[in-house]
Amino acid sequence: MTQTAGRLSAVTVASRATGDTASGPPRLLCIGAHPDDCEAKAGGLAALWTARGGVCRLLAMTDGSAGHQNMAGAALAQRRAQEASAAAAVVGADSVILDNPDGNLMPTLENRHKVTRAIREFAPDVIVTHRTNDYHPDHRYTGVLVQDSCYLVMVPNVVPTTPTPAREPVVIFMYDRFSRPSELRPDLVLD
């Protein structure tokens, strides 16, 4: 996993993780494309985070309404929302699912503003997300939206109705095995 944005050092994150600051428990925001991406790719990290007193949110960019071989539409979206909520509860996190249709996520200004708002409202110390060269377009565009939002999250006149956080989050990537255009070369690995 690699830091891609933000000014928090590993020492700052570690000190917040042990409760050495007065600003509250450390906050982890996992942003995946679908309900199950965060749970499958970062569920262990979320469990460790909350077990050590941190706060975690699992956010899905799409409703999950297309990602099944036998089900689709509203019934599938409802099932996946229930599963995501139950999985989040197991690791001590909460679950948020945005209203974008599965398989149709685009890096639009509207979606960038949704992500910027979500980051500002939760005020995470660390964000976990997909890389921008993921093979699945929903995953790839989630990575792009997080990247673009993190670049602008501290700019008060972008999404001016939601206050900027006290600090920029550190962004790390979920593991993947994709090799083109480049493979993941982590600076930090969390098992």
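Before reading further, recall that the structure is shown in the block above.
The structure displayed is predicted, hence computed values, not measured ones.

Q: Can you walk me through helix α2 (residues 37-51) in this structure?
A: With 15 residues, α2 should reach 21 Å at 1.5 Å per residue; the first-to-last C-alpha distance of 21 Å fits that figure. The largest bend along α2 measures about 70 degrees and falls at G43. If you check which residues of α2 are buried, you get D37, C38, E39, A42, G43, L45, A46, W49 and T50. Note on α2: the residue one or two positions beyond its end, G53, has a positive phi of about 95 degrees.

Q: Just to check I follow, could you spell out the nonpolar core for this structure?
A: Nonpolar side chains tend to gather and get buried jointly when the protein is soluble and globular. Residues L28, C30, C56, L58 and V128 are the most contacted members of the largest nonpolar core, which totals 17 residues. Those elements that provide at least two residues to this core are β1 (27-32), α2, β2 (55-62), β4 (126-129) and β5 (170-173). Broken down by element, this core gets its largest block of residues, five residues, from α2. Those residues in contact with L58 that lie beyond four places of it in its chain are C30, C38, E39, A46, A88, A93, D94, S95 and V96. One finds M61, V115, I119 and V171 within the second-largest nonpolar core, a separate group that totals 16 residues.

Q: How do you make sense of the side chain of D37 when you look at a structure like this?
A: Mapped onto the fold, D37 is located in helix α2. At 2.8 Å, the side chain of D37 forms a polar contact with the backbone nitrogen of H34. Residue contacts for D37: discarding those within four places in its chain leaves G32, A42, H130, H139 and M174.

Q: Hey, could you run me through the sheet that holds β5 in this one?
A: Picture the strands of a sheet paired through backbone hydrogen bonds; they go either parallel or antiparallel. With parallel pairing, five strands are arranged side by side in an open sheet as β3-β2-β1-β4-β5. If you trace the sheet from one side to the other, it starts and ends with β3 (94-100) and β5, each paired once. For this sheet the average axis-to-axis angle between neighbouring strands, irrespective of direction, equals 20 degrees. Note that β2 and β3 share five bridges and pair parallel. What sits directly across from A60, in β3, is I97. Its contacts with the sheet put α2 on β1, β2, β4 and β5, and the angle it makes with β1 is roughly 175 degrees. Running over the sheet, helix α5 (residues 137-152) touches β1, β2, β4 and β5 and is turned about 155 degrees from β4.

Q: Mind showing me how you'd approach the packing of aromatic side chains here?
A: Geometry of an aromatic ring pair is reported as the spacing of the ring centres plus the angle between the planes. In the structure shown here, the tally under the stated rule is one aromatic pair. Between the aromatic rings of Y135 and F178, the centroid separation amounts to 4.1 Å while the plane-to-plane angle is 35 degrees, which identifies the pairing as tilted. Placement of Y135 in the loop between β4 and α5 and of F178 in the segment after β5 is noted, with a sequence separation of 43 residues between them. Judged by relative accessible area, which is 42%, Y135 ranks as partly exposed.

Q: Any chance you could explain the pairing of β2 here in plain terms?
A: Successive residues of a regular strand alternate their side chains across the two faces of the sheet. Within β2, six of the eight residues are buried, leaving the element largely enclosed by the surrounding structure. Relative to β2, β1 runs parallel, the two being bridged by six bridges. Of the residues in β2, the one forming a bridge with G32 is A60. On the question of chirality, the crossover connecting β2 to the parallel β3 by way of helix α3 (residues 73-90) is right-handed.

Q: Sorry if this is basic, but what is going on with the pattern of salt bridges here?
A: Two side chains bearing opposite charge may form a pair once their charged atoms approach each other closely. The full count for this structure, using the stated rule, is seven salt bridges. One salt bridge connects R57 with D94, and the closest N-O pair in it is separated by 2.9 Å. Note that R57 is positioned in strand β2 and D94 in strand β3, a separation of 37 residues in sequence. On the accessibility criterion, D94 (31% relative accessible area) is partly exposed. One salt bridge in this structure joins D99 and K114, with 2.7 Å as the shortest N-O distance.

About the criteria used
Residues numbered from 1 in each chain as written. Predicted model: local features only at pLDDT ≥ 70, side-chain atom pairs only at ≥ 80, totals over all residues. Heavy atoms only, no water. Helix = DSSP H or I, 4+ residues; strand = E, 2+ residues; numbered from the N terminus. Expected span 1.5 Å × (residues − 1). Bend = angle between axes of the 7 residues up to and from the residue. Buried < 20%, exposed > 50% of the residue type's maximum accessible area, 1.4 Å probe, protein only. Core = buried A, V, L, I, M, F, W, Y, C linked by side-chain atoms within 4.5 Å. Contact = heavy atoms within 4.5 Å. Polar contact = N/O pair within 3.5 Å; in protein donor to acceptor, adjacent residues only side chain to side chain. Pairing = 2+ DSSP bridges. Axes fitted to C-alpha atoms, helices over the stretch in contact; angles between N-to-C directions. Phe/Tyr/Trp six-rings, centres within 6.5 Å; stacked < 30°, edge-to-face > 60°. Right-handed = clockwise from strand over helix to strand, strands pointing away. Salt bridge = Lys/Arg side-chain N within 4 Å of Asp/Glu carboxyl O.

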